[in-house]
Each structure stands twice: as structure tokens, then as C-alpha cells.
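These are the residues of each chain, in order.
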Amino acid sequence: MDLRLLGAMCAGVAVFALGMALAPASVAPEPAAAEAVRGWYRGRLTEARAILARARLDLAPRTYLALSLGAPLLLALVGWLLSPPMAAIGLLVGALAPRLYVRALTASEARAADDEVPRVLRAIVNRAQAGGTYPDLFAAAAEAARHRWVRADFEEIRGRFYAGEPAADALADVRRRQAGRNLALLYDALVVLMTTHQPASASVDVLGSLGEAARSNQSIARQAAAESKGLRLQAAILAIVIPALFLYLVAVNHELVAPVTDTDLGRLVLLPAAALLELTGIVASLRVTRLEA
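Residues numbered from 1 in each chain as written. Predicted model: local features only at pLDDT ≥ 70, side-chain atom pairs only at ≥ 80, totals over all residues. Heavy atoms only, no water.

Engineer: Looking at this structure, how should I read the confidence of the model for the protein?
Structural biologist: The predicted coordinates ought not to be read in detail in places where the model reports low pLDDT. Taken over all residues, the pLDDT of the protein has a mean of 79, while the share at 70 or more is 85%. Per-residue pLDDT stays below 50 along residues 13-30; that stretch engages in zero contacts with residues further than four places along the chain or on separate chains. (pLDDT = per-residue confidence, 0-100. Contact = heavy atoms within 4.5 Å.)

Given below as C-alpha cells:
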């Protein structure tokens, strides 16, 4: 029996050696596959750069991408300490948390930027009616803006114009980082005016009508935000109170929650179901109360 086993092992080694001899000399990954991976990575970096620019978050795209990939793994590892279903839920929460955080920052930036639009439009129209040029319009917008990012954007456009860069290109570049819809419409109108080589005086009628639409949109957004404020506050309280109450019971009266934390049924079914329902409720509440979107 020993000789038969030894012969089988030798035959296996011989077959493996023959296969390696007939295989191509290079076993490196295919260039197409490596290029596909690099293309995917570059695409994710570009997407992360655009997301962070709209959120005005001072974070490197590589760092954001690392957090987006590392958070699911970390929370899955923490969940695995409880049970495999909790690891799956931790993976889901880790995948959603960075996106929801950046989305909340983007929504906050959009609201702040939209509040500036009527004031900025009035300043631009007044300067255009006074015979100002496009750099004068950008300067008037920067002077009227109270939000630091709105002011910084118009100052950047003015500086790039005096540096010899086409203003339409500078406007289109800055337009990509705008989170507010009304402010994005203002940039679109300015890009069209400058691309078609319209004089600054021609912007009076265009931007004047845009100002009326911006004020109407702002009024509707404020009304929707006021009506949904109570719902958002209620959802936030429930999202915090329920897990906090469970942790309090674990610390103070562990016997009461022992069926959930110390039994297979609790760790594998009850606790994952509760966490999944909590996560579903938070996501559903955010979607329902986001009336201004």
C-alpha cells in the first residue's frame, strides 16, 4: 500500500511538471485584465472627486475610496463577533454609511447655496444694467454672496478670467461642483451667454427671469423643509432612542434581554431582524422626509 501511495504521488508530480512545461512561459495577469482594474480604480477616483467637490469636503479621493471599501469590512468583522447574520448587516451598514454622510453634507451645501441665489442674481443684474462687463458681474456676485464657497467660486472665476483662461471654460469647471440646483441654473445661463458671445447687457433679461424662478423655487423648498422638519426630528429621535434603550437594558438588566443576546435564536434571528428593521426604518424615514428633493 505504501508503494502504491508513493507511486500515485510521483505520478501526480509528473503530471504537474508536464503541465507546467506545456504552459506558457509567462503567468502574469493579462494586460487587459490589469487595465480593466486600473480603469475601474480611476473611474472610482473620478466619481469620488466629484462627490467630495459637491459636498465641499476637504478629503482626498483616495482616502474616501479607502473608507468606502474599509468601512464595510470593519463593520462586518464587528458583526461577526455576534453572529453571521449580523456580519451581513454590518457589511450593509458599512457600505451605506459613507454615502449617506456625504449625501447629507451635499444636501446641506445645496440648501445654503440656493439661499444665496436671489441675492447674487440681483447683484449681477444691477451691475449689468449699470453697464458692467462680465468680470464686473463676477465681482458683484462675489461681493453679494455671504456663503464662503459661493463667494470663493466667483472669485476663482474672475481670477481665471484675468489669467487669460476662457471664462466659459472656468464657469463650466466650477459648475461641476455646484450642489444647489438654482445656483447650477445660474451657472448654466452664464455658460450659455458667454459661449454664444452675448454682451453682458444681454444677461439682464435672461438672469432677471431666472431670478423670479429661483425665488419661487426657494419659497417652495423652504415650505417643504418646514413641513418635514417635525417628521425628520421624530425619525431621528426614534433612530437614537431604540438602540440606546437596548444598550441600557443590556448594561442594567441583562437577564431581561438574555433571550436576545445569549441564545442562538436571539443572535441568529431576533437581533439581526431588529437591526435590519432599524436600518430599514432609518432609510425609509430619510426618503419620506426629503420633500425638498
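Here the narrative resumes.
Engineer: Before we go on, may I ask you to explain helix H5 (residues 134-144) in this structure?
Structural biologist: For the α-helix, the turn length of 3.6 residues means that residues three or four positions removed from each other point alike. The element H5 is extensively covered by neighbouring structure, given that nine of its 11 residues are classed as buried. Considered for burial, the residues of H5 that qualify are Tyr134, Pro135, Leu137, Phe138, Ala139, Ala140, Ala141, Ala142 and Ala144. (Buried < 20%, exposed > 50% of the residue type's maximum accessible area, 1.4 Å probe, protein only. Helix = DSSP H or I, 4+ residues; strand = E, 2+ residues; numbered from the N terminus.)

Engineer: What exactly am I supposed to notice about the nonpolar core here?
Structural biologist: Considering soluble globular proteins, one finds that nonpolar side chains tend to be buried as a cluster. Counting residues in each nonpolar core, the largest one holds 34 residues, and the members touching the most others are Val120, Phe138, Phe154, Leu171, Leu186 and Leu207. Within the residue set of this core, elements represented by two or more residues are helix H4 (84-129), H5, helix H6 (148-162), helix H7 (167-175), helix H8 (181-195) and helix H9 (203-252). Not counting the four nearest positions on each side in its chain, Phe154 is found in contact with Val120, Phe138, Ala141, Ala142, Leu186, Tyr187 and Leu190. In this structure, Ala48, Ile51, Leu52 and Tyr64 belong to the second largest nonpolar core, which totals six residues. (Core = buried A, V, L, I, M, F, W, Y, C linked by side-chain atoms within 4.5 Å.)

Engineer: What am I meant to see in the packing of H4 against H8 here?
Structural biologist: Two quantities define a packed helix pair, namely the angle between the helix axes and the distance between the axes. One way to put it is that H4 packs onto H8 with a least axis distance of 7 Å and a crossing angle of 35°. Within the contact between the two elements, H4 uses Ala113, Asp114, Val117, Val120, Leu121 and Ile124 and H8 uses Arg181, Asn182, Leu183 and Leu186. In terms of residue class, the contact of H4 with H8 is made up of seven nonpolar, one polar and two charged. (Axes fitted to C-alpha atoms, helices over the stretch in contact; angles between N-to-C directions. Nonpolar A, V, L, I, M, F, W, Y, C, P; charged D, E, K, R; others polar.)

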